[in-house]
Amino acid sequence: MTDQTPAPVAPAAPAYAGPRRILSGIQASGALHLGNYLGALKRFTELQDTGAPLFVFVADMHAITVWQDPEKLTAQTREIAAAYLAAGLDPAKATIFPQSAVPAHAELAWIFNCVARLGWLDRMTQFKEKSGKHKERSSVGLYTYPVLQAADILLYKATEVPVGEDQKQHLELTRDIAAKFNNDFGAPGFFPQPEPLIQGPGTRVMSLRDGSAKMSKSDPSDLSRINLTDDADTIAAKIKKAKSDMDVLPDTVEGLDGRPEAKNLVAIYAALSDTTREAVLAEFGGQGFGSFKPKLAELAVTSMAPVTAEMRRLMADPAEIDRALAVGAERAREVAQPVVDEVKKIVGFWQG
Ligand code: AMP
Ligand code: TRP
């Protein structure tokens, strides 16, 4: 028995009684695409008007779990911030900041490294995928990546976390860490049990060249994705070249089964126009791709071109990005500091 921490208390611990807070982040590693926009950025923007405070950060500390060229890392951090702003996040409403500008993320992550168990991290599928065949050559940071993610979330006592399907397991680990901390230190209800928000047709956008592979920045074919830096002509051309099939669109969502490309293009249409796949099929059922694709291209251009144009404008004016990040970092520190101070007291660190 090496785990000498207290056994879990049997009766249900009192529930968290704090206010709603929404938080999410994107890693500062490379180009963003339509999948990131529909699965993350657009949803963050919708969540800034719910009445609950919204925290959105650039995960530069997570990015360095694999090697990053220092000069590029700074540019990538600004690029993610530019995407947040271009997608419509308003720095007056949402707190937008670089993770590394708030030292409390690292402080809380260390304490959580001492709460999480090796067995829990051994189960994380993202580490297995990212470390591949060379586990022993991966950084230790890559292994404890989900612990830092738990610190990101719980430092702000976030209650809701909008993420893609792939982050579900990390959210479960966050909940386990919160429960174990509250239990081990006799602080019932101190940390909340954050809920993942995974909804809508845009949570899993697939490649435009292969409906069974996720749209990804690591796909060697640029035609497989729409980049957030593509101009209107490029966006339209990529939709027109997107893989489809010879059949007409069905009348029902079930009719899309076994037709991954058709399913993906219909989901993209639904996500871009804030509707459901059912509604898209009610309009286009019975039509072939010869008529659907031009409509989708037009929709993609009218909704994406303003975002990609704004993104290019911001990238040419880093001072504007930096101003937004500085304001956000200040506000994030104000929220985070009292929480980490309290945690250090709970853990028994010297108070001076
Ligand atoms: P990543 O670029 O993988 O770090 O992901 C950043 C955010 O975008 C996360 O919330 C992901 O879940 C989301 N995301 C990434 N790829 C896709 C995709 N193909 N479809 C929907 N969401 C995605
Ligand atoms: N791991 C997340 C991703 O790859 C990024 C991330 C880091 C995150 N910390 C977070 C997401 C906290 C939500 C909350 O997409």
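What counts and what doesn't
Residues numbered from 1 in each chain as written. Chains lettered and ligands numbered in written order. Predicted model: local features only at pLDDT ≥ 70, side-chain atom pairs only at ≥ 80, totals over all residues. Heavy atoms only, no water. UniProt positions renumbered as here; feature names shortened; annotations may be inferred. Near = heavy atom within 4 Å. Polar contact = N/O pair within 3.5 Å; in protein donor to acceptor, adjacent residues only side chain to side chain. Areas by Shrake-Rupley, 256 points an atom, 1.4 Å probe, with all protein chains shown as cover. Helix = DSSP H or I, 4+ residues; strand = E, 2+ residues; numbered from the N terminus. Nonpolar A, V, L, I, M, F, W, Y, C, P; charged D, E, K, R; others polar.

For the chain, the name recorded in an unreviewed UniProt entry is Tryptophan--tRNA ligase, with Brevundimonas bullata as its organism. The record held by UniProt for the chain lists under Function (unreviewed entry) the comment "Catalyzes the attachment of tryptophan to tRNA(Trp)." The UniProt entry for the chain carries the following text under Sequence similarities (unreviewed entry): "Belongs to the class-I aminoacyl-tRNA synthetase family."

S.K.: Give me the lowdown on the site of ligand 1, citing residues and values where you can.
M.R.: Around ligand 1 there are 15 residues in total, and N36, G164, D166, V205 and M215 lie nearest to it. With respect to ligand 1, the backbone of G164 contributes an N or O atom lying 3.1 Å from an oxygen atom. In the model, an oxygen atom of ligand 1 is placed 3.0 Å from a nitrogen or oxygen of the D166 side chain. With the chains in place, 88% of the 480 Å² that ligand 1 exposes on its own is no longer accessible. Of all the elements, helix α1 (residues 34-46) adds the most residues to the shell around ligand 1, at four residues. Residues belonging to the shell around ligand 1 are distributed by class as follows: four nonpolar, seven polar and four charged.

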